[in-house]
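Results of the structural survey
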Amino acid sequence: MPAVTVENPLTLPKVAASGDAVARPVLAVTTAPSGFEGEGFPVRRAFAGINYQHLDPFIMMDQMGEVEYAAGEPKGTPWHPHRGFETVTYLIDGTFIHQDSNGGGGTIENGDTQWMTAGSGLLHIEAPPESLVLSGGLFHGLQLWVNLPKADKMMNPRYQDIRGGEVQLLASPDGGALLRVIAGELDGHQGPGITHTPITMIHATVRPGAEVTLPWREDFNGLAYVLAGRGTVGEERRPIRLGQTAVFGSGGSLTVRADEKQDGNTPDLEIVLLGGRPIREPMAHYGPFVMNSQAELKQAFEDFQAGRLGTVPAVHGM
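Residues numbered from 1 in each chain as written. Predicted model: local features only at pLDDT ≥ 70, side-chain atom pairs only at ≥ 80, totals over all residues. Heavy atoms only, no water.

Within an unreviewed UniProt entry, the label attached to the protein chain reads Pirin family protein, and the organism entered is Streptomyces microflavus. Entered under Sequence similarities (unreviewed entry) in the UniProt record, the comment concerning the protein chain runs "Belongs to the pirin family." (UniProt positions renumbered as here; feature names shortened; annotations may be inferred.)

Okay, here's the thing in structure tokens:
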């Protein structure tokens, strides 16, 4: 980790908050519980225990791995439905194959992102390629769920395949932090991901002892999740480490700092920064369906059972 990097961050465009920006305080730091997803791959539930008012428009996020699979161990998910939201799969190490009942899908690996807008609904599968199952290897990534507003919940499904080389690379003024803008924008620099709900998604690598203060839209919320390493968040330097999420309060900037000493197998602080404009609509969520009412949830189940969300292809190429 990470898959997408540069030799000299000082060659990149620089980003820094203005001196008069109001710093966002840290409201809470939570620790993600561990669990298993799909056919049994290990995950950390990044948003567990955080009140939805601080997450909106984000619904959930899982850190998948980091795990070194032996031969025969790599796992994926079985076919399953989605309706009413978007799934963002960011793969840092390894390879995953996606396919859906609408004819979409593809392969992502080493810094790639797949953005799947489920909208009105589809069936979907994610699995490692046969070569990875046979050989084993490193697997590490994130899956983020982003809510859709009521007006877009029944839109046609859509895929975006974002190659790692397409992300917008930026740096802190001293080059101590490398910033990958996957979606949304940061200080006028636009990432490749097209979002229905206005959000920003950044993967930052912060060198030991380095600090970065970024401008942050005041109409967005602010979240930070540590993929690896340890450091502090906020001007108050609240400690944070692998598997923890920081919830920021209101303001126009947020600060992240890497500890001088990192874990033995982690040279830098790796952290994902998320912000989004809250939708502020009623949410009814059960399993793979995210709607606005219990009646709409019931309809989603009925449509799934009746095959109206699609059928599993006879040959899916896994």
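Still more ground to cover, so stick around.
What follows concerns the UniProt feature "domain: Pirin C-terminal" (unreviewed entry) in the protein chain. The sites that carry the UniProt feature "domain: Pirin C-terminal" (unreviewed entry) are, in the present numbering, residues 202-309. In this annotation, residues 202-309 is assigned 11% helix and 46% strand; the end-to-end C-alpha distance for the span is 32 Å. (Helix = DSSP H or I, 4+ residues; strand = E, 2+ residues; numbered from the N terminus.)

A few words now on the sheet that holds strand β10 (residues 122-127). With antiparallel pairing, four strands are arranged side by side in an open sheet as β5-β10-β7-β8. Where the open sheet ends on each side, the last strands, each with one partner, are β5 (77-82) and β8 (105-109). Within this sheet the neighbouring strands show an average axis-to-axis angle of 20°, counted without direction. Judged from the five bridges that link them, strand β7 (residues 95-100) and β8 form a sheet pairing that is antiparallel. Paired with Q99 across the two strands is G105, which belongs to β8. (Pairing = 2+ DSSP bridges. Axes fitted to C-alpha atoms, helices over the stretch in contact; angles between N-to-C directions.)

Along the polypeptide, L223 turns up in strand β19 (residues 222-228). Under the relative-accessibility criterion, L223 is labelled buried at 1%. Between the C-alpha atom of L223 and that of A306, which follows or precedes it by 83 residues, the distance is 39 Å. In contact with L223, not counting residues within four places along its chain, are F47, H54, L55, F58, A246, V247, F248, V272, L273 and L274. (Buried < 20%, exposed > 50% of the residue type's maximum accessible area, 1.4 Å probe, protein only. Contact = heavy atoms within 4.5 Å.)

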